[in-house]
Amino acid sequence: MFIEIKKDIIDNAIAGDELSLHVLQMAAIGIQKGKHWYFLPKLDYARLKNLLSPRDLKILSKGTDNDSKALSNRVEIKLVVTYENYGEIPDNIRLYNPRIDTKFELYEETHVICENLYDVDFYKIVMKYYVENHPNKNCIKRCKNRFLGRNGGGHTTAKVVKRELDNEEHLFVVILDRDSKCPGYRIGDTATDVADLFIASDNRFSSYYILQHHREAENLIPYPILKQKGGNELTRTMLDHCNMEWFDFKEGLKLSHLYGDNVYNHWSAEIDRIRSIRPDLMNFDISERDNYKSDGQSPKEYIENCKNAGNPTYLYGWGKNILSDATDIINGSHPYPPLRKDLTPLQHQEWQNIGNLLWHWTLSREGNI
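So, here's what we can say about the structure. (Residues numbered from 1 in each chain as written. Predicted model: local features only at pLDDT ≥ 70, side-chain atom pairs only at ≥ 80, totals over all residues. Heavy atoms only, no water.)

## Things to note about the overall build of the chain
No. 1: Counting its secondary structure elements, the chain contains 15 helices and 12 strands.
No. 2: Projected onto its principal axes, the C-alpha coordinates of the chain cover approximately 85 × 45 × 30 Å.
No. 3: Counting every position in the chain, which comprises 369 residues, the buried fraction comes to 52%.
No. 4: Accessible surface for the chain amounts to roughly 17500 Å². Of this, 45% is attributable to carbon and sulfur atoms.
No. 5: Treating the 48 positive side-chain charges of the chain as one cloud and the 53 negative ones as another, the clouds have centres 6 Å apart. (Helix = DSSP H or I, 4+ residues; strand = E, 2+ residues; numbered from the N terminus. Buried < 20%, exposed > 50% of the residue type's maximum accessible area, 1.4 Å probe, protein only. Areas by Shrake-Rupley, 256 points an atom, 1.4 Å probe, with all protein chains shown as cover. Lys, Arg positive; Asp, Glu negative; His and termini not counted. Charge placed at Lys NZ, Arg CZ, Asp CG, Glu CD.)

## What to know about unusual backbone geometry
No. 1: You will see that D179, though not glycine, has its phi angle at about 60°, which is positive.
No. 2: Mapped onto the secondary structure, D179 falls in the loop between β8 (172-176) and α9 (189-200).
No. 3: Backbone geometry at N311 places phi at a positive 45°, although glycine is not the residue there.
No. 4: With respect to the secondary-structure elements, N311 resides in the loop between α13 (299-308) and β11 (313-316).
No. 5: Looking at N311, the relative accessible area reads 18%, which means it is buried.

## What to know about the packing of aromatic side chains
Aromatic ring pairs: the centre-centre distance and the angle between the two ring planes describe each pair.
No. 1: Scanning all chains against the criterion turns up 14 aromatic pairs.
No. 2: Ring centres of F122 and W351 lie 5.6 Å apart, and the angle between their planes is 85°; this geometry places the pair in the edge-to-face category. Here F122 is found in helix α6 (residues 117-132), whereas its partner W351 is found in helix α15 (residues 345-361), with 229 residues between them in sequence. Taken individually, F122 and W351 each receive the classification buried, so the pair is uniform in this respect. (Phe/Tyr/Trp six-rings, centres within 6.5 Å; stacked < 30°, edge-to-face > 60°.)

## Description of the pairing of β8
No. 1: Buried residues dominate β8, accounting for 5 of its 5 residues.
No. 2: Covered by surrounding structure in β8 are F172, V174 and L176 together with V173 and I175, the residues of both alternating faces.
No. 3: Two elements, strand β5 (residues 110-114) and β8, share 3 bridges in a ladder whose sense is parallel. Looking at β8, one finds that I113 is bridged to V174.
No. 4: Sheet topology places β8 next to strand β9 (residues 206-210); 5 bridges connect them, and they run parallel. Note on β9: the bridge partner recorded for L176 is I210.
No. 5: Tracing the backbone out of β8, into α9 and back to the parallel element β9 gives a crossover that is right-handed. (Pairing = 2+ DSSP bridges. Right-handed = clockwise from strand over helix to strand, strands pointing away.)

## Description of the side chain of S206
No. 1: Position of S206 among the secondary structure elements: in strand β9.
No. 2: Exposure remark for S206: the relative accessible area of 4% places this residue in the buried category.
No. 3: Polar contacts involving the side chain of S206 include one to the side chain of N203, which spans 3.1 Å.
No. 4: With sequence-adjacent residues up to four places away left out, S206 is seen in contact with R94, L165, F172, F198 and W361. (Polar contact = N/O pair within 3.5 Å; in protein donor to acceptor, adjacent residues only side chain to side chain. Contact = heavy atoms within 4.5 Å.)

## Focus: the environment of I175
No. 1: Mapped onto the elements of the fold, I175 is located in strand β8.
No. 2: The exposure class of I175 is buried, given its relative accessible area of 1%.
No. 3: In this structure, the C-alpha to C-alpha distance between I175 and L220, residues 45 residues apart in sequence, is 13 Å.
No. 4: With residues near it in sequence (within four places) discarded, I175 still touches I113, C114, E115, Y123, Y209, I354, L357 and L358.

## A few points about the pattern of salt bridges
No. 1: Within this structure, the stated rule accounts for 27 salt bridges.
No. 2: In this structure, K250 and E216 form a salt bridge, with 3.0 Å as the shortest nitrogen-oxygen distance. Placement of K250 in the loop between α11 (233-241) and β10 (252-254) and of E216 in the loop between β9 and α10 (223-229) is noted, with a sequence separation of 34 residues between them.
No. 3: By relative accessible area, K250 is classed as partly exposed at 27%.
No. 4: Taking the shortest distance from any N to any O, the salt bridge between R278 and D280 comes out at 2.7 Å.
No. 5: A residue is classified by how much of its surface remains accessible, and R278, at 24% relative accessible area, is partly exposed. (Salt bridge = Lys/Arg side-chain N within 4 Å of Asp/Glu carboxyl O.)

## A closer look at the sheet that holds β9
No. 1: Read from one edge of the open sheet, 4 strands run β7-β5-β8-β9, paired in parallel fashion. Each having just a single partner strand, β7 (147-151) and β9 make up the two edges of the open sheet. Averaged over neighbouring strand pairs, the angle between their axes works out to 20° when direction is ignored.
No. 2: Bridge count for β5 against β7 is 5 bridges, and the pairing is parallel. Directly across from H111, in β7, lies its bridge partner L148. (Axes fitted to C-alpha atoms, helices over the stretch in contact; angles between N-to-C directions.)

## Let's talk about the environment of Q212
No. 1: Assignment of secondary structure puts Q212 in the loop between β9 and α10.
No. 2: Taking the C-alpha atoms as reference, Q212 lies 13 Å from A195; in sequence the two are 17 residues apart.
No. 3: Once residues within four sequence positions are removed from consideration, Q212 is found in contact with R178, W246 and E350.
No. 4: A polar contact of 2.6 Å, which involves the side chain of Q212, links it to the backbone oxygen of I210.

See below:
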């Protein structure tokens, strides 16, 4: 992230305040290791030279350069380090007061938490796409991005996030699958639990994003890669003609997935669309679902009926490894990251949202000074 250290920190360090000197030393470590992009006001070397090492002063001077000043006006969010009372804090400012936020580690890189590490690897590509399509690409390409990917563990993600929110030790962001089965369907339990934690928390060093227009990360895979990787003729045809934002690209569509009337109606309409285009591909009728569902029946009872019937698969998915396979294909291909034409309009919008979040929260610059 872009971290701006205000003048009062410098002034207090010059006055011999140990905490302020520690803040500058930690910033020097962060700059040297390329953890974030640090911006400092002009340094009074004559008054600091007896308080900080020559090496630390040299490193800190990098944060006063013209690149830092220019970037300060471009970033959409920043962490501001100060003792001063900011009053009403703007939405684009995250405030760090070293005297109050005693556990926060200024030199620690941002942590990025996803439900599994395959998601983290895929979202690295999404961030590269954001940079390549940015109107100021030549400017922001000079920046680096650094973060530590964290595995939420699927259903345990909320527990991991709660610990991070409570600890308040470093910057972190969470990216979550929506897990909605069709448009307007409720958000899944994991995303709901994490959102509730953020709403209840006053942690200023974190943010989260729930997919807005897609079921899960697999739905963000560019369709040309899905066609290249597998699927059958029916599902590949549906990629061209249907709304696949809510399709389960791992498992496909099975009888047991159709309990909810809204889910059934959605997929019935999509399948009818394909039937009108390629009737030769249709050798099933999902209306048989009504044979297994009755009034007052619980989801558990319905699923049990489906299992007893063999739980037929109507639309086959690409398997549980499709996200990691797609990531490997993209990373091994050129020209990639994917081009704009490879994405649907909704995929492009989602990629831009995620890329913007990740770029700002993981912003850094070259280290090893």
